[in-house]
Amino acid sequence: MSKIRISAVSYTNTKPFAFGIEHSELRDKIELTYDIPSDCAQKLIDNKCDIGLIPVAALLSIPNYYILGDYCIGSVGAVNSVFIFSEKPISEVKTVRLDPQSRTSNNLAKVLLKNYWEVPVEFVLEGEADAFVEIGDRTFPHIDVFPFSYDLGEQWFQFTGLPFAFAVWASNKPIAPGFVYELNKALKFGVDNIDIVLEGLPKLENFDLGDYFHNKLDFNLTTEKRSAIQKYLQYVQEL
Ligand SMILES: C=C(O[C@@H]1C=C(C(=O)O)C=C[C@H]1O)C(=O)O
């Protein structure tokens, strides 16, 4: 039987899932790669993998997508690794540089600027800008460095009163229920053992990984987060 190809996010936020999968019997049944989120999305869109931990914004580019299992990369309020960093208060920003590694947060920034802050800005992909979107581990050294920083999980919560899911496990084709069950069990094992995962990670100087995993990231794909995804995708389609 050919192996199921899985693309997972290469950031620290995915370590509990990686731990769960690597300690499960799935290991021999899958071909697992770790990619930046924009590549996870593109691989699933191009059918270069069967399952991806993909940015929710990419669901709009997959004609028949299936969201798998009960876990996601999400937050209830501040997530502490998805920001707009800025030299000016958001009301004075004229240009915003997007993060090439992101799909969800770039669009979330656009949704919030249009509908919450109501600030018309120009988005650029490279070069100078008043502010920029940044996601993942690269944000860790930048927190508290810029005069203004906006945590997009927190801003979405203030805007909608809802939690958020940045990335979900999804497939571009039906996957056997037995496999999905095993995958979900592996993810649960990882999430249930976050303290062991933490012990295996290097200590960071100016970033509290314990706080990040216990108080910021929220891995449960709850009904509220599923509603948030639908609401967010609606806003993205109206951009
Ligand atoms: C919370 C995060 O969520 C991420 C944000 C994503 C995006 O903006 O497209 C995609 C995957 C997640 O890794 C993060 O990267 O810090």
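Below is a short write-up of the structure. All of these numbers come straight from a predicted model, not from anything done at the bench. (Residues numbered from 1 in each chain as written. Predicted model: local features only at pLDDT ≥ 70, side-chain atom pairs only at ≥ 80, totals over all residues.)

**Some points on the overall build of the protein**
A tally of regular secondary structure across the protein gives eight helices and eleven strands. Computed over C-alpha atoms, the radius of gyration of the protein comes to 17 Å, within 12% of the 18 Å expected from 2.2 N^0.38 for 239 residues, which places it in the range of a compact globule. Its C-alpha atoms put the protein at 55 × 40 × 35 Å along the principal axes. A total of 239 residues make up the protein; the buried ones form 41% of that total. The long-range share in the protein, meaning contacts at least 24 apart out of those at least 6 apart in sequence, stands at 87%. (Helix = DSSP H or I, 4+ residues; strand = E, 2+ residues; numbered from the N terminus. Rg over C-alpha atoms; globule rule 2.2 N^0.38 Å. Buried ≥ 20, exposed ≤ 12 C-beta atoms within 10 Å, placed from the backbone. Contact = placed C-beta atoms within 7 Å.)

**Description of the packing of helix H1 (residues 15-22) against helix H5 (residues 177-192)**
Put simply, H1 and H5 touch, their axes get as near as 7 Å, and they point 125° apart. On the basis of their axis angle, the class for H1 and H5 is oblique. For the element pair H1 and H5, the recorded crossing hand is right-handed. Contacts from Pro-16, Phe-17, Phe-19, Gly-20 and Ile-21 in H1 reach Ala-186, Leu-187, Lys-188, Phe-189, Gly-190 and Val-191 in H5. (Axes fitted to C-alpha atoms, helices over the stretch in contact; angles between N-to-C directions. Parallel < 35°, antiparallel > 145°, perpendicular 65-115°, else oblique. Left-handed = near helix turned anticlockwise from the far one by under 90°.)

**Describing the site of the ligand**
In the vicinity of the ligand there are 17 residues, among which Pro-55, Ser-81, Ser-102, Ser-105 and Phe-166 approach most closely. Of the residues that constitute the shell around the ligand, the class distribution is ten nonpolar, six polar and one charged. Per-domain counts for the shell around the ligand show at least three residues from each of domain 1 (4-74 + 163-224 + 232-237) and domain 2 (82-160). (Near = placed C-beta within 6 Å. Nonpolar A, V, L, I, M, F, W, Y, C, P; charged D, E, K, R; others polar. Domains from an automatic or database assignment.)

**A look at the sheet that holds strand S1 (residues 4-9)**
An order of S2-S1-S3-S10-S4-S11 is seen for the six strands of this open sheet, with the pairing classed as mixed. The sheet terminates laterally at strand S2 (30-35) and strand S11 (217-220), the two strands that pair on one side only. Neighbour to neighbour, the strand axes of the sheet diverge by 25° on average, direction disregarded. Pairing geometry for S1 and S2, over six bridges, is parallel. Considered in S2, the bridge of Ala-8 is made with Tyr-34. Those strands touched by H5 are S1, strand S4 (66-75) and S11, and its axis lies near 15° from that of S4. (Pairing = 2+ DSSP bridges.)

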